[in-house]
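For reference, the chains in residue letters:
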Amino acid sequence: MSIKSMTVMASVLWASFTPQGFADAVDQVALKAEAVAIVKRFGGALKPQLKQALQSGGPVNAIGVCAVRAPEIAKQLSLETGWQLKRVSLKFRHSKTAMPDKWEEKILRQFDERQSQGELPAEMAYAEVVGDQFRFIKAQGVEAICLTCHGETLDSSVRDALNKHYPDDRAIGYSLGQVRGAFSLSRAL
Ligand code: HEC
C-alpha cells in the first residue's frame, strides 16, 4: 500500500471519530461504489459497440462509431446519474474533451508510474474529495483490440482517418498493458 493511500485511510479513520466525520466516511464508501458501477456501465456499453463496429465495417468505420458513441454514452449516463463523466489521457486524441485537468494529470502520472512498476491498469483507481466535489478516476489499460487505433504501427487508412478527425492526435504509439487513459467521474457533495 502506498504512503498516500495510507494517509487517506488514516484521515478517513480520524474523521470517523466524530459523528459528522463518520457520516462523511460512510458516504464516501457509497459514492465510490456508485462511481465504480457507473464506470462499469460506461465501459460495458462502449466496448461491445467498438468490437461490433470493427467486425462489421473495419477500423475506419469504427473510428466514426467511437467518436460519436463515446460522448453520447457519457452524456446519457451523466443525465441518468447526476455524475460528470469524462475520458481523459496524458496523450489525448480528442483535445476538446480528453485533456486532463491538474488533478487528473497528477493521478494519471501516478498510474503510469505504478504501471512501470508492474501494477495492472485494470486494478488502478483512486478516489478523493477535492473542494466540494467527490472525484473518482479509473485507469484503462491497452488491450490487443486497442492497438488498431492507438498502437505503434497503424494501417495507413486508419492513420488518414484519424488525421482528418483529430489533427492534434497524440494517442498513438502505445503498447500492450500500458495505461491508455482513464474514466474520470465527479459529483458535487
Ligand atoms: C477503431 C479505432 C479505435 C479503437 C480500436 C480504440 N479506440 Fe480509443 N479512441 C478512438 C477514437 C476515434 C477516440 C476519440 C473519441 C472522441 O472523439 O471522443 C478514442 C479515444 C479514446 C479515449 C479517450 C481519451 C482520448 O485520448 O481522446 C480513451 C481513454 C481510449 N480511446 C481508450 C481506448 C482503449 C482502452 C481501447 C481498447 C479497448 C481503444 N481506445 C480502442 C479510436 C479507437
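What you see is a predicted model; the values in this text were computed from it and never measured.

## Some points on the overall build of the chain
When its secondary structure is counted, the chain shows 5 helices and 4 strands. Scanning the chain from its N terminus toward the C terminus, one meets helices and strands in the order α-α-β-α-β-β-α-α-β. Within the chain, the proportion of its 189 residues that are buried is 22%. Long-range pairs, those at least 24 residues apart, make up 64% of the contacts in the chain between residues at least 6 apart in sequence.

## A look at the site of the ligand
In the region of the ligand, 26 residues are neighbours, and Ala-62, Ala-98, Cys-146, Cys-149 and Gly-181 sit closest. Residue assignment for the shell around the ligand shows that the elements contributing at least two residues are α2 (19-81), α4 (147-150) and β4 (179-188). At 9 residues, α2 tops the list of elements feeding residues into the shell around the ligand. Looking at the shell around the ligand residue by residue, the class counts come to 15 nonpolar, 7 polar and 4 charged.

## Re helix α3 (residues 102-116)
For α3, spanning 15 residues, the distance from its first C-alpha to its last is 21 Å, which sits close to the expected 21 Å at 1.5 Å a residue. Residues of α3 that are buried include every one of Glu-104, Ile-107, Leu-108 and Phe-111, and no others. Around the axis of α3, the buried residues are gathered within 105° of arc, so they sit on the same side. α3 presents Lys-102, Lys-106, Glu-113 and Ser-116 as exposed residues on the side facing more than 90 degrees away from its buried surface. Along its buried surface, α3 packs onto β1 (84-88), β2 (125-130), β3 (133-141) and β4. Residue Gly-118 follows α3 closely and has a positive phi angle near 105°.

## Quick word on the confidence of the model for the chain
Per-residue pLDDT for the chain averages 89, and the proportion of residues at 70 or more is 86%. Averaged pLDDT values over the elements of the chain bottom out at 54 in helix α1 (residues 3-15) and peak at 98 in α3.

## Description of the pairing of β2
Pairing of β2 with β3 involves 6 bridges; the strand directions are antiparallel. Bridging across to β3, Tyr-126 finds its partner in Ile-137. Taking the residues that link successive antiparallel strands as the turn, the β2-β3 hairpin has 2 residues, and the phi of Gly-131 there is positive, at about 60°.

## A few points about the sheet that holds β2
As summarised here, the arrangement of the 4 strands in space is β1-β4-β3-β2, forming an open sheet in which the pairing is antiparallel. Each edge of the open sheet is held by one strand with a lone partner, namely β1 and β2. Averaged over all neighbouring strand pairs, the angle between strand axes comes to 20°, with direction disregarded. Where β3 meets β4, 9 bridges bridge the pair, whose relative direction is antiparallel. Bridge pairing in β4 places Ile-137 opposite Ser-184. Its contacts with the sheet place α3 against β1, β2, β3 and β4, and it is angled at close to 140° to β4.

## Remarks on the nonpolar core
Grouped burial of nonpolar side chains is what soluble globular proteins tend to show. Counting 22 residues, the largest nonpolar core has Ala-35, Ile-38, Val-39, Phe-42, Phe-111, Ala-182 and Leu-185 as its most contacted members. Broken down by secondary-structure element, the contributors of at least two residues to this core are α2, β1, α3, β3 and β4. Per-element tally for this core: the top contributor is α2, with 5 residues. Setting aside residues no more than four positions away along its own chain, Ala-182 makes contact with Val-88, Leu-108, Phe-111, Ile-137, Lys-138, Ala-139 and Gln-140.

## Some thoughts on the environment of Leu-90
Relative to the elements of secondary structure, Leu-90 occurs in the loop between β1 and α3. A tally of 19 C-beta atoms within 10 Å means that Leu-90 is categorised as partly exposed. For Leu-90, the residues in contact, after removing those within four places along its chain, are Pro-100, Glu-105 and Leu-108.

Conventions we followed
Residues numbered from 1 in each chain as written. Predicted model: local features only at pLDDT ≥ 70, side-chain atom pairs only at ≥ 80, totals over all residues. Helix = DSSP H or I, 4+ residues; strand = E, 2+ residues; numbered from the N terminus. Buried ≥ 20, exposed ≤ 12 C-beta atoms within 10 Å, placed from the backbone. Contact = placed C-beta atoms within 7 Å. Near = placed C-beta within 6 Å. Nonpolar A, V, L, I, M, F, W, Y, C, P; charged D, E, K, R; others polar. Expected span 1.5 Å × (residues − 1). Arc of directions from axis to C-beta. pLDDT = per-residue confidence, 0-100. Pairing = 2+ DSSP bridges. Axes fitted to C-alpha atoms, helices over the stretch in contact; angles between N-to-C directions. Core = buried A, V, L, I, M, F, W, Y, C linked by C-beta atoms within 7 Å.

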